[in-house]
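Structural description and commentary
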Amino acid sequence: MSQINLPFDMDSLEIIAQTIDNEGNIILDVVSKNDHSTCHKCGKAATKCNGKAPSRLIRHLPILDTPVYLRITPVRYIGFVPT
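Figured I'd write up the structure that's included with this text. In this text, all values refer to a predicted model and were calculated from it rather than measured experimentally.

Scoring rules and cut-offs
Residues numbered from 1 in each chain as written. Predicted model: local features only at pLDDT ≥ 70, side-chain atom pairs only at ≥ 80, totals over all residues. Heavy atoms only, no water. Helix = DSSP H or I, 4+ residues; strand = E, 2+ residues; numbered from the N terminus. Buried < 20%, exposed > 50% of the residue type's maximum accessible area, 1.4 Å probe, protein only. Contact = heavy atoms within 4.5 Å. Areas by Shrake-Rupley, 256 points an atom, 1.4 Å probe, with all protein chains shown as cover. Pairing = 2+ DSSP bridges. Axes fitted to C-alpha atoms, helices over the stretch in contact; angles between N-to-C directions. Salt bridge = Lys/Arg side-chain N within 4 Å of Asp/Glu carboxyl O.

Helices and strands together make up the secondary structure of the chain, namely zero helices and eight strands. In the chain, the succession of helices and strands from N to C terminus is β-β-β-β-β-β-β-β. Looking at the chain as a whole, 19% of its 83 residues are labelled buried. Residue pairs in contact within the chain that sit at least 24 positions apart in sequence constitute 39% of those at least 6 positions apart. Carbon and sulfur atoms provide 52% of the accessible area of the chain, an area that totals close to 6,600 Å².

Spelled out as structure tokens, the structure:
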């Protein structure tokens, strides 16, 4: 497969692989460049990695009428836990 050289315009994601599935859909494997998340309870930065969530396939905008999907495995973070 030839490389896709189009602007991605998502600064927080990096494309690591690209494939075309059996149905002709373009699948872009991406990873997050972020090293933290925001705690959903207190709103502070959560920086301690706590594993990964299952991979997700997210529909993106088509390229020349060809469906495009982003495959990402989200990193889970844990915030400050008072003892």
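Taken in spatial order, the four strands make up an open sheet running β1-β2-β7-β6, and their pairing is mixed. The open sheet terminates on both sides in strands that have one partner only, identified here as β1 (13-20) and β6 (56-63). Direction aside, the axes of adjacent strands within the sheet are offset by 30° on average. As paired elements, strand β2 (residues 26-32) and strand β7 (residues 66-72) share five bridges and run parallel to each other. Bridged to Asp 29 within β7 is Arg 71.

Here the structure, examined in full by the defined rule, presents one salt bridge. Linking Arg 71 and Asp 29 is a salt bridge whose minimum nitrogen-to-oxygen distance equals 2.5 Å. Remark: Asp 29 occurs in strand β2 and Arg 71 occurs in strand β7; sequence separation between them is 42 residues. For Arg 71, a relative accessible area of 33% corresponds to the partly exposed category. For Asp 29, a relative accessible area of 15% puts it in the buried group.

Before going further, it helps to spend a moment on the pairing of β1. Where β1 meets β2, seven bridges bridge the pair, whose relative direction is antiparallel. Within the sheet, the bridge partner assigned to Ala 17 lies in β2 and is Asp 29. Count of turn residues in the β1/β2 antiparallel hairpin: five residues, of which Gly 24 carries a positive phi of about 90°.

Keep in mind these numbers describe shape, not what the thing actually does.
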